Structure formats: structure tokens, C-alpha cells
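Listed below are the residues making up each chain.
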Amino acid sequence: MDKFVINGGRTLNGSVAISGAKNATLALMPATILAGGISRLSNTPALRDVTTMSALLRTMGIDIEMREHTLTLDTRGIDKFEAPYEHVKKMRASIYVLGPLVARFGQAKVSLPGGCAWGPRPVNLHIEAIRKLGAEVDLQEGYIVARASHLEGARIHFDVSSVGATGNALMASVLARGTTVIDNAAIEPEITQLAEYLVAMGARIAGLGTNRLEVEGVRELHAADATTIPDRIEAGTFLVAGALCGGTITLTGAQAGHLTAIIAKLEDAGSEISATSDTVTIKAPRKLRSVDVTASIYPGFPTDMQAQWTALMAVAEGASVVTDSIYFDRFKHIPELLRLGADIDVKDNAAFVRGVRSLTGAKVMSTDLRASASLILAGLIARGTTEVLRVYHLDRGYESIEKKLRALGADIKRVTGEEF
Ligand code: UD1
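All of these numbers come straight from a predicted model, not from anything done at the bench. (Residues numbered from 1 in each chain as written. Predicted model: local features only at pLDDT ≥ 70, side-chain atom pairs only at ≥ 80, totals over all residues. Heavy atoms only, no water.)

Caption draft 1: Highlighting the domain arrangement of the protein. Split into domains, the protein comes out as domain 1 (3–19 + 230–415) and domain 2 (22–227). Relative placement of domain 1 and domain 2: their C-alpha centres are 30 Å apart. Each side of the interface is counted separately: domain 1 has 23 residues, and domain 2 has 21 residues. Roughly 1,900 Å² is buried in total at the junction of domain 1 and domain 2, and carbon and sulfur atoms are behind 51% of that figure. Of all residues in domain 1, Tyr298, Arg396 and Glu399 bury the most surface against domain 2, accounting for 33% of the area lost on that side. (Domains from an automatic or database assignment. Contact = heavy atoms within 4.5 Å. Buried area = accessible area lost by both parts, 1.4 Å probe.)

Written as C-alpha cells, this is what we have:
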């Protein structure tokens, strides 16, 4: 188990290249199941979650090779239609194979993901959508077992906007007979990229980027290539690092249009931000102001940035409230931030933050991906040395974060191979 050792207080300056979006890649990879052929996904981030998805897809008979951020997937040999518990327990996004397997092969057996580090994460909407499309779905010994001679177009209305369930419903419906309408569909950019990719494979989908998707089923799809969109959460995390650590940072390969809520809140906090078609530059505020945020569905402030925002507010002038309207109990980073000297109370789904003058280095423990990012950000401004333990969570979603931060001037190193 690796740890990061950070000596806080360095000003960050310079430019940093943003990697491809984890959550787009994790949808595009299973989408290749829908056709037999060779697909290339460029700008794929080198992340542990991508390795986990690759391992799962290989068990089904897909050949996969990653070279210089291009993932090549050969789906001509698929001969197993199962996602075993051993893989799904490592990564919930494994459930994305459900829709494409049922659509193309009429069968799927996918382990139920179970909860995650910060609480329950149901998959009822995924199952209901596949059922609506005509599959028979049973829950057997911890597995979702789905069968269908063919899928039939249907009206699907999601009570809750769900990224994953929208992705699964889309991937299942593109090969269904007739028309499917998905209402209250997620409009996160990663879902829009998935829809665009399906269209490139020959699918007929109207309403891309809106919360009403209309799919005209086709008989078959063909393999296609895609370039993964930039990771808006990695981008947001580096913008927060810029606001925290003084100096001026330019993100390259970033898309400001996907970051509107984050940029607006950073400006409210006193940062100066400018953007071009593929860069975003942040000049840190002279005085960081407290700003409330409520994490909500896109284009709202992302829940995946809530923990990082809380770290920023921990040292802002004044008090703020950080609310999460998507995951009510995603606050595992707070007790660790308290160990660094933050002043925060959690009540229900909100963190009440009173900004302190400074944080002080300590040993802290990562509990999940975004909590880890929050602790690293806090470590960058804490006085003295912060050790962030169990950073394997971080490797799920940030490519070489320590190298990228070091290039900006941070004093951070990874210590490998010991049991911490
Ligand atoms: C995706 C992202 C994750 C992000 C989340 C919310 C991927 C791989 N992961 O997760 O990083 O934090 O979107 O932006 O893209 N829900 C149900 N029943 C379901 C499914 C979801 O009640 O069957 C609820 C969830 O509990 C949650 C809400 O819907 O309250 C939204 O979750 P969802 O959008 O499905 O998240 P994921 O797709 O799992």
C-alpha cells in the first residue's frame, strides 16, 4: 500500500495536462460489446479503474491492449456473458456490461455491486430499465441474471436521474426492436459522449445532451473509434489546487464548458479564471472567500468535487455550507480534515465549515477516491508534513497526480511498498 508524503506551503504555478475522463472511458469500454470488431479509444487515462474494467472484459473473451493512452479492444471473440463478483466488488461501474450483454447476446449474469465506502448505492433503476425493455431479470445468489430472446423498445422514465442507469438503458435499447424513449435521462457529458459513440457505431439516437433520449433500435452495430473527453473532475481538482496554493495554473486539454458550476464557484471565492477552447487558467485569490455549494446533477456542482471543495472552504475566510443532494452520507473525508485542524460539523447531508487560518500536517487515511483528493489538497497547504495513507483509492481516478503536482511546484512524493 502506497502513501503520499506532502510538505505543504508551496505556491503552485505552471501548466498541467488533463487526462481523459475516467467516467467516460468506463462507459465507452463496455459499449464495444455491442458490436464484433476492433475499436480504438484514444485519450484513455491510465487508471486502476481502467485496468479493472479491462480485466473484466478480458474474462468475457475481449482482447485488450493499452498503448500510449490508446486502448484497442477486439470484441470478436466474446464467449462469456458474466461479470463475476471478484471484478464487480472492485468497481461498481462493472454493471455497465449488463445492458450491452443482454442487447447483443440475450443473456447476462452480473454480480450485484453492493454498497460502497460511504454508503448504499442501489442499482434498482438499471434493473427496472432492462426489465422494461423486455428482459426477464432474476436476482440469484448475489447476481443479476437477465435473459431475453430479443429486447423491445419501451418508455423508460427514471424517477431519479442516474448516470449509470441511463448508460445501461441506452446501451440496451440501441439494439431493441422499435422505439425507446428515456425520460429524465442523465445529461452528464460522459453520458452524452457515450450516446455520440453509440451513434458512431450505427445507433439511431435523438436528443443527445438533453434529458429525453429517443432511440430507434437497429439490427446491428459496427465497431468505431472515439477520443475520450477531458476529465472534468480531475480538471476541477487542479483548479481547486490552484485556488488553494496561490500562483497561476493553466490546465491544458480541458473543456471549460463542462466546468461551468466549478468555475462560477471558484470565481465567487475570489479566483480569476479565463479559458480558451481547450485551456482553463486560474489565478488564485489574494483572499479566499467562503462560498456555499450544493452538489447536484449536471450542470450543477458535481458530487465528485464536494470533498475537494470542502478542503478549499476549510481555509477560506468566513463560514460556508457544503451540501450533497446526491449522496447524503459522502463525508468520510471530514474526520480526516479535522485531524489537519479544520473546523467542520456534519449534520444530515451538509458540512458546516468555519474557515481556519491554517491547517497543520498530520497522518490521515484515504477512504475513497474523492476523499483522498480532498486530503491531498489539504496537505498542499497544511504547515509541515502530511502523510496520506492508502492512496490506492486515488489511483482509481487520478493519473500520476503526484507527478502532475510536482511539476507545478508541490513537494509531494509517493512512498511505495510498505504496509502503512
Ligand atoms: C456516476 C459516477 C460517479 C458519480 C455519480 C453521480 C461513473 C462510473 N460514476 O455514478 O463518479 O459520483 O455518477 O454523479 O460514471 N440511484 C438509485 N438507483 C439506481 C441508481 C442510482 O437510486 O439504480 C441513485 C443513487 O443512489 C444516487 C443517484 O441515483 O443517489 C445518482 O447516482 P448515479 O448517477 O446512478 O451514479 P453512478 O452512475 O453510480
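Caption draft 2: Here's a closer look at the pattern of salt bridges. Here the structure, examined in full by the defined rule, presents 19 salt bridges. In this structure, the salt-bridge partner of lysine 3 is glutamate 387, at a minimum N-O distance of 2.9 Å. Of this pair, lysine 3 sits in strand E1 (residues 3–7) while glutamate 387 sits in strand E23 (residues 385–389), and the two are 384 residues apart along the sequence. Like glutamate 387, lysine 3 is buried. With a closest N to O distance of 2.7 Å, arginine 354 and aspartate 343 form a salt bridge. You can see arginine 354 sitting in strand E21 (residues 350–354) and its partner aspartate 343 sitting in strand E20 (residues 343–347), a full 11 residues away along the chain. According to the relative accessible area criterion, arginine 354 is partly exposed, its value standing at 31%. The exposure class assigned to aspartate 343 is partly exposed, which follows from its relative accessible area of 31%. (Salt bridge = Lys/Arg side-chain N within 4 Å of Asp/Glu carboxyl O. Helix = DSSP H or I, 4+ residues; strand = E, 2+ residues; numbered from the N terminus. Buried < 20%, exposed > 50% of the residue type's maximum accessible area, 1.4 Å probe, protein only.)

Caption draft 3: Helix H9 (residues 260–268), seen in detail. Among all positions of H9, only Ala261, Ile262, Ile263 and Leu266 are buried. Of the surrounding elements, those touching the buried residues of H9 are helix H8 (232–244), strand E16 (272–275), strand E17 (279–283) and helix H10 (306–313). Immediately beyond the C-terminal end of H9, within one or two residues, lies glycine 270, with a positive phi of roughly 110°.

Caption draft 4: Region of interest: the site of the ligand. Asn124, Leu125, Ser162, Val163 and Asp304 are the nearest of the 18 residues found near the ligand. For the ligand, an oxygen atom lies 2.7 Å from a polar atom in the backbone of leucine 125. Measuring from an oxygen atom of the ligand, one finds a backbone N or O atom of glycine 164 at 2.7 Å. Alone, the ligand offers 740 Å² of accessible surface; in the complex the protein occludes 83% of this. Listed by contribution, the elements that provide at least two residues to the shell around the ligand are helix H5 (124–132) and helix H6 (163–173). For the shell around the ligand, the element with the most residues is H5, which contributes three residues. The residue inventory of the shell around the ligand, partitioned by class, reads eight nonpolar, seven polar and three charged. Domain assignment of the residues forming the shell around the ligand places at least three in each of domain 1 (3–19 + 230–415) and domain 2 (22–227). (Near = heavy atom within 4 Å. Polar contact = N/O pair within 3.5 Å; in protein donor to acceptor, adjacent residues only side chain to side chain. Areas by Shrake-Rupley, 256 points an atom, 1.4 Å probe, with all protein chains shown as cover. Nonpolar A, V, L, I, M, F, W, Y, C, P; charged D, E, K, R; others polar.)

Caption draft 5: Spatial organisation of the packing of H8 against helix H12 (residues 369–381). Where H8 contacts H12, the axes come no closer than 10 Å and their chain directions differ by 20°. For the element pair H8 / H12, the angle class is roughly parallel. Viewed along their axes, H8 and H12 form a crossing whose handedness is right-handed. Residue-level inspection shows Ile233, Thr237, Val240, Ala241 and Leu244 of H8 in contact with H12, the latter providing Arg370, Ala373, Leu377, Leu380 and Ile381. The class makeup of the residues in the contact of H8 with H12 is eight nonpolar, one polar and one charged. (Axes fitted to C-alpha atoms, helices over the stretch in contact; angles between N-to-C directions. Parallel < 35°, antiparallel > 145°, perpendicular 65-115°, else oblique. Left-handed = near helix turned anticlockwise from the far one by under 90°.)

Caption draft 6: Here's a closer look at the packing of helix H1 (residues 22–31) against helix H7 (residues 189–200). In the contact formed by H1 and H7, the axes pass within 9 Å of each other and the chain directions differ by 25°. Judged on the interaxial angle alone, H7 and H1 are roughly parallel. Between H1 and H7 lies a crossing whose hand is right-handed. Seen from H1, the contacting residues are Asn23, Ala24, Ala27, Leu28 and Ala31; seen from H7, they are Glu190, Gln193, Leu194, Tyr197 and Leu198. Among the residues forming the contact of H1 with H7, the class breakdown is seven nonpolar, two polar and one charged.

Caption draft 7: Expanded view of H6. Of all 11 residues in H6, 10 are buried; the element is thus mostly enclosed. All buried positions along H6 are accounted for by Gly164, Ala165, Thr166, Gly167, Asn168, Ala169, Leu170, Met171, Ala172 and Ser173. By the N-cap criterion, in which a side-chain oxygen at the helix start approaches the backbone nitrogen of a residue two or three places on, H6 is capped by serine 162, the distance to alanine 165 being 3.0 Å.

Caption draft 8: The arrangement of the environment of alanine 373 in detail. Locating alanine 373 in the fold gives a position in helix H12. Here alanine 373 is in contact with Thr237, Gln308, Leu394 and Tyr398, once residues within four sequence places are set aside.

Caption draft 9: Inspection of the pairing of strand E11 (residues 179–183) at higher detail. With four of five residues buried, E11 lies mostly within the body of the structure. Here strand E10 (residues 155–157) runs beside E11; their pairing, made up of three bridges, is parallel. Across the sheet, the residue bridging to histidine 157 is aspartate 183, located in E11. Crossover connection from E10 via H6 to parallel E11: handedness right-handed. Alignment of E11 against strand E13 (residues 212–216), held across five bridges, turns out to be antiparallel. Bridging from a neighbouring strand, threonine 180 pairs with valine 215 of E13. (Pairing = 2+ DSSP bridges. Right-handed = clockwise from strand over helix to strand, strands pointing away.)

Caption draft 10: Examining the sheet that holds E20 more closely. With mixed pairing, four strands are arranged side by side in an open sheet as E18-E19-E21-E20. The open sheet terminates on both sides in strands that have one partner only, identified here as strand E18 (293–295) and E20. Taking the axes of each pair of neighbouring strands and ignoring which way they run, one obtains an average angle of 15° across the sheet. Across the sheet, H10 is in contact with E18, strand E19 (319–324), E20 and E21; its angle to E19 comes to roughly 175°.

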